[in-house]
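Architecture at a glance
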Amino acid sequence: MKTFKFPMRYVPISATILVFFIVYLIGIISFQNFGSPKVFLDLFVDNAYLGIAAIGTALVILTGGIDLSVGSIIAFTSILIAKMIASGCNALWAIALALVIGILFGMLQGWLIHCFSLPPFLVTLAGMFFIRGCGFIVSEESIGIKNDPVFNFIQNDLTIKLGKGMNLRFIVIVYLVVLIMAIFFSQRTRAGRSIYAIGDNELAATLMGIPVGRTKIMTYTIAGFCSALAGVVYAVYLKAGNPLNCVGLEMDAIAAVVIGGTLLTGGVGYVFGSLFGVLVLGLIQTLIVFDGRINSWWTRIIVGLLVLAFIFMQNLITKISKSKSKTQ
Amino acid sequence: MNKSSNKFRHLVWPLVSLALLLLFNAIFTDNFFKIEIKKSDSAQAVQAPSVPVESPQPGTSWITPESYDNAGDSAEAAAQAAADGVEAAAQAEGAVQTIASEAEQQAPVKKDGKGVSIFGYYLYGTPIDILNQGSKVMVLAIGMTLVIATGGIDISVGAVMAIAGAIAALLISMLDAGNCIGAGMGPSFYWIIPVLAALLLATLAGFWNGMLVAGFGIQPMVATLVLMVAGRGVAQLITDGQIITFDNPGLVFLCNGHALFLPFSVWIVAAMYVIAGLLTRKTAFGLFIESVGNNERASRYAGIEARRIKWLTYVICGFCAGVAGLLAASNIKCADSNNAGLYLELDAILATVIGGTSMAGGRFFLSGSLVGAILIQTLTTTMYMKNVSPAIVAVPKAMVVIIVCLLQSPVFRAKVLSIFASKAAKGGVQ
Amino acid sequence: MNKFATVIMAVAAATLLVTGCSKSDSSKIKVGFSQVGAESDWRKASTESIKGEAAKRENIELTFSDAQQKQENQIKAIRNFISKGVDVISFSPVVATGFEDVLKEAKEAGIPVVLFDRAVDVSEDGLYVSFIGSDFVEEGRRAARWVLENVGENANVAELVGTVGSAPAIDRKKGFEEIIKDHPGIKIIKSQSGDFTRAKGKEVMESFLKSPEADQIQVLFAHNDDMALGAIQAIEEAGKKPGKDIIIISIDGVKTMFEAILAGKANCTVECNPLIGAQLFDVVEKIHAGETVPARIPSQEGVFDSKNITQEVVDGRKY
């Protein structure tokens, strides 16, 4: 009889899910109302934009790269949409333009990274500065989106009502759909599997005949699209655009991806993990707000420690699996 | 190719860019190169307080009237300590590089003979500002260059700066409360304690990073991400969430005082570069770093203690961050945990890369990092003088970085040259 | 696997330690407050006023959240307050836009909202019950009036603006310009954002002093004291005398600024009172008891310059 061995590769993500449940449990024990479904749904609503951005970041990190321009693209997209709507443009055109810009920008970054062998860190860093500045050129102040028919439609009609005052908001639906598509893409399509191959060993992938350049540029393009989509979601979430917002968001996205079980060296991890990474981050923040006694800078310390814990665990697992493969 | 020119080849493009920028300024910016010689106002130095003032409680923001006037006095004391080789740094502010602050304290001629008397004159002008304000990034770039040369990275330096500034401000305000400031007299050397504490804490932070990277083998980006995220939280813990201001003349002198016509921060930078240069080029240390960065496994086989070398580079980087943090805090006479050193790690990395050090590790160029830091600061200052909003400053900065990186990329150069070669219809690509 | 379990336990234990157990007492009025952050002395005083007042009052149970100057954190905090089931929500918005949705949610949940210190920009009415805070426009006007009375009809003014897009910055500028538009001799020759921080104030002032118009600057109007204090440093470094060569007027009224005025380095500060914790909880109690409250409650404030600042005033200054 074959004994069931828990596959090593599922350990990190299982750990994340476990942590999520443990923290949730602590919250429920400690506070009334923490267990209400509203809290759970709010996690999604408040973090949908981060989740979408984390999906793109996860894919990039799986190729062994990194994307630091995420937060700035979100800010730029949101202020662009807000400005265009305020100038009388139809919201749908604004959203379409924003998504196109995101795609093109991602493509540009991917092209620079691959074709000139520039480090992804630098290119996306420069990209971050560049597009943040562009956001300020669009508008220095935040702009509200008021009385726009498209946005009102999204807000009021595209919500699935679950009764008892709870709604599945449109932005949450968008996030879940993108997540499912990304999971399918990374696990079941050739391009997705190529991403894993490139992240694991780029040279071997090239020798295998995988179109490395094309795939890498495509990954950064997808990341750009995800960031722009996150920006659209953010604009819907705030009903405003603000060039100053989302500073440092890319670090939150990276933390979420790491907590979700993806190795920064690439090739290992699941896009699904980023969902739980985002949820864990949101949960910790919720816990601290509910308590109200802890100073908010503890959030940073706790998140830092959590990331550390996960890194240690991933390290350990890698060492164990390496030593196992040696003895075999 | 001439072999000897290889030694400075990495400096070509950064220097060219810097020269172009300065040329642009010379033509289009009024007063850019105007340097005046200002005389320090010795009349300010001796003014007894007109009202008795209690010493400040720790954690309160408090500028006593006479410390406003006597700020210049202890410039000397600080200069003395500087002569002893103690270094400290001051704090930067928000996401944007700032124009240099001018000498806050104009060093008066010393009356009580406590320290080195500094000539009562100093230079004043935009190029001086660039050097002063850029001092933080220049110092950070030293440590960053060494870390990147081993193939790693340290994104926590901004947070470490905040921690260093926080502990210095906290200790100095506690000490100042203990010793009545009075008329700015009394043993004014106790400011060394916060400086040393800040440097120690920063070095420990570097030690922590080194432990994670070299000791546990964690990827540098992630390992330093931990401190970057948590570090600001720690800094706020130290200051209890407040902005602690201080006015201790010794501490303030670090970024605001002058010695021999130039801002004191410039001398700190110069001293650190000289020490770093000697350490890396006159000992085997630099060779080992390059070796580890180039091929860690081969270095180990050659008998180099790769782990120890890497660990040490992170410690040095932490120390540099401590110096920069002290400079930043001294600059605005307070410790702002939220904004100190924000995004300066990115500038330091940019400066390093512009200077020719590859992010993959290997050969490093401290001189290049220095030029890179000056280039970045000049760019920021130019934007300011052109009344460009701070946020938009980031755009040309990003473009310059990309352009310089492209110019340094052999792939890019090959492609460009091949275009020219094929156009000229001559054989032989370089 | 043991190490793995230990790590998980450690994380869980850390969280447990951090959160503890807290049950809410249903007889108290539960208030959820989201503060902007801890970016300045003024903000610090405001926070202490709120926390201190809540501690004094037995019937108030305060849940305090610091948004670290990020709007997203405030929105999350408010949503969490709604989930937690507080009786009253109060907050000081980081930026004026973007709160419409979450305020609607609060309204639907039946939780009254009191705005504190800054206002929001929403298109719907009835999203908040009351707004307690300074009248920023009036502060700008007071500053302009002081300049007219004490400097004269002709002056070149350099303006240090607050955080771009924030209510105080927009309103103070508006108030100032409203008064001076009838006096063409007063001109604003330079205006740039110092972000309400001391460091930026210093930096921007330095750039002003290096610009071609540097010698024309006669008056500095800073939107808050912290920026003015930074600017004072810059002016001294440039070899000028703050308070004499350049007249300095700012808004807030923090103790440090009082001391600077006493020392002759600054000239006037328009008070912006952060110690309105007591007023806030008075309003909260009234709302909870079902009374109607005015939609706009301005704080009590004055104007302080060298004529009415003495050492006793400085010593008695709480913030």
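Computed from a predicted model, the values in this text were never measured in an experiment. (Residues numbered from 1 in each chain as written. Chains lettered and ligands numbered in written order. Predicted model: local features only at pLDDT ≥ 70, side-chain atom pairs only at ≥ 80, totals over all residues.)

Overview of the overall build of chain C
Spelled out, the test is: Numbering of helices and strands runs from the N terminus; a helix is a DSSP stretch of H or I covering at least four residues, while a strand is a stretch of E covering at least two. Exposure classification rests on a simple neighbour count of other C-beta atoms within 10 Å of a residue's own: a residue reaching 20 or more is buried, one at 12 or fewer is exposed, and one in between is partly exposed. C-beta atoms are placed from the backbone. Placing C-beta atoms from the backbone, we regard two residues as in contact once those atoms come within 7 Å.
Helix and strand counts for chain C come out as eleven helices and twelve strands. Here chain C holds 319 residues, and 59% of them are scored as buried. A fraction of 75% describes how many contacts in chain C between residues 6 or more apart in sequence connect residues 24 or more apart.

Description of the overall build of chain A
Test applied: What the globule rule says is 2.2 Å times the number of residues to the power 0.38, and the radius of gyration is computed from C-alpha atoms.
The helix and strand inventory of chain A stands at 13 helices and four strands. Over its C-alpha trace chain A gives a radius of gyration of 20 Å, about what one expects of a compact globule, namely 20 Å for 328 residues. For chain A, the spread of C-alpha atoms along the three principal axes comes to 65 × 55 × 35 Å. The burial tally for chain A puts 59% of its 328 residues in the buried class.

Quick notes on the interface of chain B and chain A
What counts here: Only Asp, Glu, Lys and Arg are considered charged, only Ala, Val, Leu, Ile, Met, Phe, Trp, Tyr, Cys and Pro nonpolar, and every remaining residue, Gly among them, polar.
With 35 residues of chain B in contact, the opposing surface of chain A contributes 35 residues. A per-class count over the side of chain B that touches chain A returns 26 nonpolar, seven polar and two charged.

Here we look at helix α4 (residues 100–108) of chain C
Residue and element names in this part refer to chain C. The set of residues buried in α4 consists of E100, V102, L103, E105 and A106. Of the surrounding secondary structure, the elements contacted by the buried residues of α4 are α3 (71–84), β3 (88–91) and β4 (113–116). In the stretch just after α4, G110 is the one whose phi turns positive, near 80°.

Some points on the packing of helix α4 (residues 91–115) of chain A against helix α5 (residues 120–138) of chain A
All names here are of chain A. What counts here: For every element, the axis is a line fit to its C-alpha atoms; helices are fit only across the contacting stretch, and the angle between N-to-C directions ranges from 0 to 180 degrees. Here is the rule for handedness: rotate from the far helix to the near one, and if that takes an anticlockwise turn smaller than a right angle the crossing is left-handed, while a clockwise turn gives right-handed.
Remark: α4 packs on α5, axes separated minimally by 9 Å, with the N-to-C direction vectors making an angle of 145°. Considering the relative orientation of α4 and α5, their crossing is right-handed. Counted together, F105, Q109, L112 and I113 of α4 and P120, V123, T124, G127 and I131 of α5 form the full contact between these two elements. Tallied by class, residues from the contact of α4 with α5 come to six nonpolar, three polar and no charged.

Comments concerning the packing of helix α11 (residues 249–259) of chain A against helix α12 (residues 271–291) of chain A
Residue and element names in this part refer to chain A. Closest axis-to-axis distance for the α11/α12 pair is 7 Å, and the angle between their directions is 115°. Crossing handedness for the pair α11 and α12: right-handed. Residues D252, A255, A256, V257 and I259 of α11 touch α12, and the partners they reach there are S274, G277, V278, V280 and L281. Of the residues belonging to the contact of α11 with α12, the class tally is seven nonpolar, two polar and one charged.

Brief notes about the sheet that holds strand β9 (residues 247–252) of chain C
All names here are of chain C. The following threshold applies: At least two bridges found by DSSP between two strands are what make those strands a pair.
Here six strands make up an open sheet; going across it, the order is β7-β6-β8-β9-β10-β12 and the pairing mixed. With partners counted over all chains shown, the strands left at the sheet margins are β7 (186–193) and β12 (303–305), one partner each. The average undirected angle you get between the axes of adjacent strands in this sheet is 20°. Direction of pairing for strand β6 (residues 155–161) relative to strand β8 (residues 219–222): parallel, over a ladder of four bridges.

Let's talk about the environment of R300 of chain A
Along the chain, R300 of chain A turns up in helix α13 (residues 297–327). Once the C-alpha coordinates of R300 of chain A and D42 of chain A are considered, the two residues, 258 residues apart in sequence, prove to be 21 Å apart. Apart from residues no more than four positions distant in its own chain, R300 of chain A is found in contact with V229, A230, R232 and G233 of chain B.

Comments concerning unusual backbone geometry
Phi is positive for C246 of chain A, which is not a glycine, with a value near 60°. With respect to the helices and strands, the residue C246 of chain A is situated in the loop between β4 (240–241) and α11.

Thoughts on the domain arrangement of chain C
Residues and elements named next belong to chain C. Condition: Residue ranges for the domains trace back to a domain assignment, done automatically or taken from a database.
Parsing chain C into structural domains produces domain 1 (27–134 + 274–288) and domain 2 (136–272 + 304–316). On a C-alpha basis, the centroid separation for the pair domain 1 and domain 2 is 30 Å. Across the contact, nine residues belong to domain 1 and 14 residues belong to domain 2. Across the side of domain 1 that touches domain 2, the residue classes tally to four nonpolar, two polar and three charged.

Considering the nonpolar core
For clarity, the threshold we go by: Here a nonpolar core is just a set of buried residues of the types Ala, Val, Leu, Ile, Met, Phe, Trp, Tyr and Cys, joined wherever their C-beta atoms sit within 7 Å.
In terms of nonpolar packing, the biggest core is built from 342 residues, with V233 and V307 of chain A together with I163 and A168 of chain B touching the most fellow members. It is helix α13 (residues 306–332) of chain B that provides the largest number of residues to this core, a total of 18 residues. Here this core gathers at least three residues from each of two domains, domain 1 (27–134 + 274–288) and domain 2 (136–272 + 304–316) of chain C. Once you skip the residues sitting within four places of it in the chain, V307 of chain A turns out to touch A255, V258 and I259 of chain A together with L225, V226 and V229 of chain B.

What to know about the pairing of strand β10 (residues 268–271) of chain C
Residues and elements named next belong to chain C. Let me state the cut-off plainly: We call a crossover right-handed when, viewed with both strands directed away from the observer, the connection leading from the first strand over the helix to the second proceeds clockwise.
Here β9 runs beside β10; their pairing, made up of four bridges, is parallel. For S250, the partnering residue across the bridge sits in β10 and is T269. Remark: the β9/helix α9 (residues 255–262)/β10 crossover connection has right-handed handedness. Strand direction decides the pairing type here: β10 and β12, joined by three bridges, are antiparallel. Note that in β12 the partner of V270 across the bridge is V303.

Some words on α5 of chain A
The following threshold applies: An expected span of 1.5 Å times one less than the residue number is assigned to each helix.
Between its first and last C-alpha, α5 of chain A extends 26 Å over 19 residues, near the 27 Å set by a 1.5 Å rise per residue. Counting buried positions along α5 of chain A yields 17 of 19 residues, so the element is predominantly enclosed.

Comments concerning the sheet that holds strand β5 (residues 130–133) of chain C
Residue and element names in this part refer to chain C. If you trace the six strands from one edge of the open sheet to the other, you get β2-β1-β3-β4-β5-β11, paired in parallel fashion. Edge strands, defined here as strands with exactly one partner in the open sheet, are β2 (60–66) and β11 (296–298). When the angles between neighbouring strand axes are averaged without regard to direction, this sheet yields 20°. Across four bridges, strand β1 (residues 29–35) lies against β3 in parallel orientation. In the strand pairing of β3, V31 is matched with V88. Against the sheet, α3 contacts β1, β2 and β3, and its axis sits at roughly 170° relative to β1.

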